[in-house]
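Each chain, letter by letter, is given below.
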Amino acid sequence: MDEAQIMTLPPALPEEWARRGVGLRPEDDGDGPFLLDLFAAARGSEFAALGWPAPVLRQFLAGQQQLQVLHYAAAYPGAFRGIVTGPEGPVGRLYLSARPGDIRIVDIALAAQWQGRGLGKALLRAVQAMAAAAGATASLSVMAGNPAHDLYRRLGFVTMAENGPALEMRWTG
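Okay, so let's go over this structure. Owing to the predicted nature of the structure, the values given are computational and were not obtained by experimental measurement.

Quick look at the pairing of strand E7 (residues 166-171) now. Pairing between strand E5 (residues 137-143) and E7: six bridges, direction antiparallel. The residue bridging alanine 138 from the neighbouring strand is tryptophan 171, located in E7. The sheet contact formed by strand E6 (residues 158-163) and E7 spans five bridges and is antiparallel. Within E7, the residue paired with threonine 159 across the bridge is methionine 169. Counting the residues in the hairpin turn of E6 and E7 gives two residues, including glycine 164, whose phi is positive at 65°.

This is the structure we're talking about:
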């Protein structure tokens, strides 16, 4: 599988998720408000202790999210930026980048009401299946202490290096 193929074809989710109305599509310009809400939900608690008024905190988080967007664009040009959809709209995101012999999971995030239901596991298994079909590995970075670290280990990802507070993990199939 070459870089062009991975960027145009999102991984196939198991049929059981499709029956539940869950899918994966490319991100588009209309996804901005959802992506900001997803970012704010994931990162807002880190800054809530500062005691800023809600509008100030929201503006700060919007700036942080824009910096993340710029970083991903610079570090992973051409990456597949996918939106996980549920029966009533967007529920998460999955960003993937092809490297020679590796599929990098740049980012995976689900809205709180979709966490703990097996969807993250299904997305990761879909990426693993895509990597296996291409004879590639799958890699990701996770902050030490993030609860997702346990899921990654259960799915066969192994810590390859520590990069400050982040763990670099790889699945080899």
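A few words on the pairing of strand E2 (residues 80-86). With six of its seven residues buried, E2 lies for the most part within the structure. In terms of strand pairing, strand E1 (residues 23-26) meets E2 through four bridges, oriented antiparallel. Counted as the bridge partner of proline 26 is glycine 82 from E2. Here E2 folds back onto strand E3 (residues 89-99) in antiparallel fashion, the turn holding two residues.

Among the secondary structure elements, histidine 149 is positioned in helix H6 (residues 148-154). Judged by its relative accessible area of 13%, histidine 149 is buried. Leave out the neighbours within four places in its chain, and histidine 149 touches Val142, Thr159, Leu167 and Met169.

This brings us to helix H5 (residues 119-134). The end-to-end C-alpha distance of H5, which contains 16 residues, comes to 23 Å, matching closely the 22 Å that a straight helix rising 1.5 Å per residue would cover. Leu119, Gly120, Ala122, Leu123, Leu124, Ala126, Val127, Gln128, Met130 and Ala131 are the residues of H5 that are buried. Of the residues trailing H5, glycine 135 is marked for its positive phi of about 65°.

Here the focus is the pattern of salt bridges. Once the charged atoms of two side chains with opposite charge are near each other, the side chains can pair. Enumeration according to the criterion identifies nine salt bridges in this entry. Close ionic contact of glutamate 16 with arginine 20 constitutes a salt bridge, the shortest N to O distance being 3.4 Å. A relative accessible area of 39% means that glutamate 16 is categorised as partly exposed. Here arginine 153 and aspartate 150 are joined by a salt bridge, their closest N and O atoms 3.3 Å apart. Of this pair, arginine 153 and aspartate 150 both sit in helix H6, three residues apart, roughly one helical turn. Taking relative accessible area as the criterion, aspartate 150 reaches 37% and is therefore assigned partly exposed. In this structure, a network of salt bridges that share partners links the residues Arg25, Asp28 and Asp31.

Scoring rules and cut-offs
- Residues numbered from 1 in each chain as written.
- Predicted model: local features only at pLDDT ≥ 70, side-chain atom pairs only at ≥ 80, totals over all residues.
- Heavy atoms only, no water.
- Pairing = 2+ DSSP bridges.
- Helix = DSSP H or I, 4+ residues; strand = E, 2+ residues; numbered from the N terminus.
- Buried < 20%, exposed > 50% of the residue type's maximum accessible area, 1.4 Å probe, protein only.
- Contact = heavy atoms within 4.5 Å.
- Expected span 1.5 Å × (residues − 1).
- Salt bridge = Lys/Arg side-chain N within 4 Å of Asp/Glu carboxyl O.

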